Amino acid sequence: MREIRKAEGHHTKLAATERVVEGLVLLEEAFVKCSKGKAFFGGDSIGYLDIALGCFARWLRFAEKTHDLKLLDETKTPNLVGWADRFLSNEAVKDVVPKIEQMTEIIKMLKAREQAQSPN
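I will try to describe carefully the structure that is included in this document. (Residues numbered from 1 in each chain as written. Predicted model: local features only at pLDDT ≥ 70, side-chain atom pairs only at ≥ 80, totals over all residues. Heavy atoms only, no water.)

### Some points on the overall build of the protein chain
Across its full length, the protein chain holds five helices and zero strands. Structurally, the protein chain occupies a C-alpha span of about 50 × 30 × 20 Å along its principal axes. Counting every position in the protein chain, which comprises 120 residues, the buried fraction comes to 32%. Long-range pairs, those at least 24 residues apart, make up 65% of the contacts in the protein chain between residues at least 6 apart in sequence. Approximately 8000 Å² of the protein chain is accessible, and the part contributed by carbon and sulfur atoms is 56%. When the 19 basic and 18 acidic side-chain charges of the protein chain are each reduced to a single mean position, those positions are 3 Å apart. (Helix = DSSP H or I, 4+ residues; strand = E, 2+ residues; numbered from the N terminus. Buried < 20%, exposed > 50% of the residue type's maximum accessible area, 1.4 Å probe, protein only. Contact = heavy atoms within 4.5 Å. Areas by Shrake-Rupley, 256 points an atom, 1.4 Å probe, with all protein chains shown as cover. Lys, Arg positive; Asp, Glu negative; His and termini not counted. Charge placed at Lys NZ, Arg CZ, Asp CG, Glu CD.)

Shown next, in the form of structure tokens:
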């Protein structure tokens, strides 16, 4: 994801995006195997693996919006798309995971920190 954010030029951004999508395809396969047709990685309710991976779900949606990308693609990762939607809308999660607007502020803060630490 960091590579996408830092990519300069169309081809570099495209290559970084493809690497992320390849990883998501592997995660799709793992989800299908682990979930056994259920809503979440561990079954019918959110478990540890859902929480660990769910932290990245909003970042994926944020990257899609801010970089005009399609990372969670219904044709390549349909089960993962459904999982992310269920996870992010779950009552236990939806008020805890930052909203897109909050994430924009987080990114601004991270960029400022990077610039302050840069030797240039």
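### Here we look at the packing of helix α3 (residues 48-67) against helix α5 (residues 100-117)
At a minimum axis distance of 10 Å, the contact between α3 and α5 shows a crossing angle of 80°. When the interaxial angle is binned, α3 and α5 end up roughly perpendicular. Touching R58, W59, R61, F62 and K65 of α3 are I100, M103, T104, I106 and I107, all from α5. Residues belonging to the contact of α3 with α5 are distributed by class as follows: six nonpolar, one polar and three charged. (Axes fitted to C-alpha atoms, helices over the stretch in contact; angles between N-to-C directions. Parallel < 35°, antiparallel > 145°, perpendicular 65-115°, else oblique. Nonpolar A, V, L, I, M, F, W, Y, C, P; charged D, E, K, R; others polar.)

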